[in-house]
Structures are given as C-alpha cells and as structure tokens.
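# Coordinate inspection notes
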Amino acid sequence: MKPLSSIILLLLLLETLVVNGDIPEEEYQALRDLFSTHGESWLLNSGWLTDTHVCYWHGIRCTQDWTHVKSIFLANNNLSGSIPSSIGALSFLTGLDFSNSHLHGTLPSSFSSLANLAGLGLRFNQLEGDLSKPLRGLTKLKWVHLDFNRFTHGIEDLLKGCKELRVLGLTDNGMSGTLPRELSKLTTLQNLGLGGNQLSGIVPALSSLTSLVSLDLSSNQLVGLVPWPLPPLLGELLLFDNGFSGTVPTPTKTGRDSLVIFDAHSNALSGSVPKMLASLPNLVILHLQENALSQELPVEFENTSVCCVDVTHNYLMCPLPLGLYSSSSHSRVQASCGWWQLESISSRSAPTHHPGNLVCNSNEPDEFLQSHSRVQPSVYFDPVPHIDQVTQSR
C-alpha cells in the first residue's frame, strides 16, 4: 500500500503545482500597473493585489496550465486614467476588453507586442491618437471595437494588416484618410462600422466581401458613385451624409434579397428612384431624402412592402402616385414633389389629398423592426463577442 499512497501523494502534488502555476513576474507587474487605473474604485475588483492566485482575480482568465494571462475582461467597470505601457508584457493575451470606461490618452506603442490578440474592445472611452504604431503587427485580430473615442489615423494600416478581421468598429472617432483597396480582400469581414469620421475619397469595390452583413460609412466626406454591386449577404447599408453622386443603383437579382436597411439620405444623388427598390422582399427602411432625385416616383411604391420610405426634399415630379394616399397600405411613405413644397411634408398626422404632403400609416420604424419576422437583429445590431468567445476560439 505504501507505493500506491506515494503515487497518489505525488499526483496531488503535481496537480497543485499545475493549478498554482507561476505567472511570470513581468505579467504580474503589468496587472499591478493596470490596477493603477483607480482599481480601488472599480465596480468589481475581487482578488486584485491579494494573495489570491492571479487566475482568480476578477476579469482574468489564464492559459490551461495557469502560467500566463490569456484574457482580461474589465468592461463596464469604471476604469479611469491611461493604459500602462507594461500591458505589452502580456504577450499571451488573446482577448482584452476595457469598453465603457473613462480611459484617456493614447494607446501605448507596446500594444504591438500583443501578437496573439484576437479580440480588442475599447469602445466608449476618451482614447485618442494614431493607431498605426500600437496595432502594427497584430495580424490575428478578428474583433476590433474602438467606437466612440478620438482616434484620428491608422485606418489604412489596420485594414491592410489584419487579414482575418470579422468585425471592425470605429464609429464616431476622428479618423481621416481614405479606404485602401485592400479592403476588398477582407473576405471574412462581417461588420464594418466607420460612420461619424472624416474619411474621404471613393469607396473601393465591395462585391468580393462575401461575408459582409453590415456596412456603415455614414457622416464622412466620401465621394463618387454608390458602391455597387453589393456583397451578397449585406443587410444594412448606411451611406447618409456624404458626397455620393450619380444615380441610385438598380438592384440586380443577385444578392438583392438580403438588404434590410438602405439609407443614403443627404448626398448628391440624381436621376430617378429605381422601381425595383419597392419590391425588395426584405427591405424595411429606404431613406433617400435630401438628394437631387427627379422624375416621377414609380407607381410600384403604391403597394410596396417596405415599412418606411422617405424620398422627401428632392425634385420629384408632380403629381405623386395617388395610391400612396391609401390608408390600407401597411407601409409608411413620406414623399414630396417640387422642392418649393418642403415646408408641408413634415406632418405626421392623417394625410391630406395634396401632392406635396404625404404620410402613410402610423407604424414607427422601431416598432416594425422589433416585431417584423423577416428582420434578424444580427443584421442591424452588432453584438460585441464576450471575451470568453474570443479565448475559446483560439
């Protein structure tokens, strides 16, 4: 029995050594420095800077042998201050999320040492500066959420270097520059949010982005033609508040069934409203107001299944199709003919039989989006993958 008991004791000892594996000192120090972001005021900070093993600290996940930090999830936890440069010592990190915090300053250049990083969440902070240097070489990035910060440069380097990107969110920053041709090569990209920046130039061809579901290029300084043909799976296309010109593209059979939201208002689009848009089977919102569209509004819009159509503030010819005034239509259509009648089209009350004032149906678009069975939330809402998903995917 003695040899057996010795073996059992040895196995227990080995298990203890594995469970309490040594975290390198430089990784310990990086976490200590991270706690300097007013860790005592974090909403949750159990275990931090105590004798508890690092792998039990709140928000920390380790490698299987408990010898390296693999992910840090501290979103919505009241972090404040700047991100310490020692963060680069956590070279085994695959996921990092400090979203919805009060972080400011620039990303340390040591970020470029996080070569295994696949998921990065920093949205809703006050971070600023150029992303080129800190994110250089992070070729394994798949999920990048940097929305609602003050970053100004680096979009070209990011799109060129991260060939496995699935989600890139940079909405409402101060990003300038152009969209590189390499964007067309990102066939794994599913969601691209670049609205609310200062991007300029033309949009490269997008039809090769066979995984793209959502594209937001709104509120920039982009020019040229509306990118067409669309990727086959694209459900959300936001192009409003730019300088796009030319005609509104006519949808083709290929890929047209996926489009749910098409918003290109406040551009310089001209020509007619394509009648094919009225018959897209899954289109819910069509916004083309405040352009330079002319000619007659196609009669196909009398019986369109599109929930919300807005073609006001254009130069459409009068009279508008009489069928649009029918209260039996389940769609809500806002249209006007003649630029001089702008003042009369904003009423949301029951429509009067007047060619310059047209509002049909009382359904609000949000109510329709929530209740309509054809609309899948994943099409127009991009959920941030939980850090566990990132670490498990590696």
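The sections below set out a description of the structure shown in this document. (Residues numbered from 1 in each chain as written. Predicted model: local features only at pLDDT ≥ 70, side-chain atom pairs only at ≥ 80, totals over all residues. Heavy atoms only, no water.)

### Observations regarding the state of the cysteines
Defined as follows: Disulfide: a pair of cysteine sulfur atoms within 2.5 Å of each other. Burial status follows relative accessibility: with a 1.4 Å probe on protein chains alone, a residue under 20% of its type maximum counts as buried, one over 50% as exposed, and anything between as partly exposed.
For the structure on display, the rule yields one disulfide. Put simply, cysteine 55 and cysteine 62 are joined by a disulfide, and their sulfur atoms are 2.1 Å apart. Its S-S torsion of about -105 degrees marks the bond between cysteine 55 and cysteine 62 as left-handed, since a negative value means left-handed. We classify cysteine 62 as buried; its relative accessible area is 13%.

### A short note on the sheet that holds strand β7 (residues 126-130)
Rules: Any two strands are treated as partners once DSSP identifies two or more bridges connecting them. Comment: elements are numbered from the N terminus, with helices defined as DSSP H or I runs of at least four residues and strands as E runs of at least two.
Strand order in the open sheet formed by four strands is β3-β5-β7-β9, with parallel pairing between adjacent strands. At either margin of the open sheet sits one strand with a lone partner, and together these are β3 (80-81) and β9 (150-153). With two bridges joining them, β3 and strand β5 (residues 102-106) adopt parallel strand pairing. In the sheet register, glycine 81 faces β5, and the bridge partner there is leucine 103.

### Quick notes on the sheet that holds strand β15 (residues 221-225)
As summarised here, the arrangement of the six strands in space is β11-β13-β15-β17-β19-β21, forming an open sheet in which the pairing is parallel. Every other strand in the sheet has two partners, leaving β11 (176-178) and β21 (292-293) as the edge strands with one partner each. Here three bridges tie β11 to strand β13 (residues 198-201), and the two strands are oriented parallel to one another. Each residue of the ladder has a partner; that of threonine 178, found in β13, is serine 200.

### So, the nonpolar core
Rule in force here: Residue types Ala, Val, Leu, Ile, Met, Phe, Trp, Tyr and Cys, when buried and joined through side-chain atoms within 4.5 Å, form a set referred to as a nonpolar core. In what follows, residue pairs with any heavy atoms lying within 4.5 Å of each other are defined as contacts.
Ile72, Phe98, Phe111, Leu170, Phe262 and Leu288 are the most contacted members of the largest nonpolar core, which has 89 residues in total. Of all elements in the fold, only α2 (25-34), β1 (60-62), β2 (69-73), α3 (155-161) and β23 (332-335) reach the threshold of two or more residues within this core. For leucine 170, the residues in contact, after removing those within four places along its chain, are Leu131, Leu146, Asp147, Phe151, Ile155, Leu158, Met175, Gly193, Leu194, Gly195 and Asn197. In this structure, Leu238, Ile261, Ile285 and Cys307 belong to the second largest nonpolar core, which totals seven residues.

### Structural notes on the packing of aromatic side chains
Test applied: Stacked, tilted and edge-to-face are the three classes assigned to paired rings of Phe, Tyr and Trp, where Trp is represented by its six-membered ring and a pair needs centres within 6.5 Å; plane angles under 30 degrees give stacked, over 60 edge-to-face, the rest tilted.
Scanning the model with the defined rule gives seven aromatic pairs in all. With a centroid separation of 5.1 Å and 65 degrees between ring planes, the pair formed by phenylalanine 35 and tryptophan 42 is classed as edge-to-face. Neither residue differs from the other here; phenylalanine 35 and tryptophan 42 are each classed as buried. Taking 4.4 Å as the distance between ring centres and 10 degrees as the angle between the ring planes, the aromatic pair formed by phenylalanine 124 and phenylalanine 148 counts as stacked.

### Some points on the pattern of salt bridges
Inclusion rule: Any carboxyl oxygen of Asp or Glu that lies within 4 Å of a side-chain nitrogen of Lys or Arg is treated as forming a salt bridge with it.
The full count for this structure, using the stated rule, is two salt bridges. Aspartate 147 serves as the salt-bridge partner of arginine 123, at 3.4 Å between the closest nitrogen and oxygen. You can see arginine 123 sitting in the loop between β6 (119-121) and β7 and its partner aspartate 147 sitting in the loop between β8 (143-145) and β9, a full 24 residues away along the chain.

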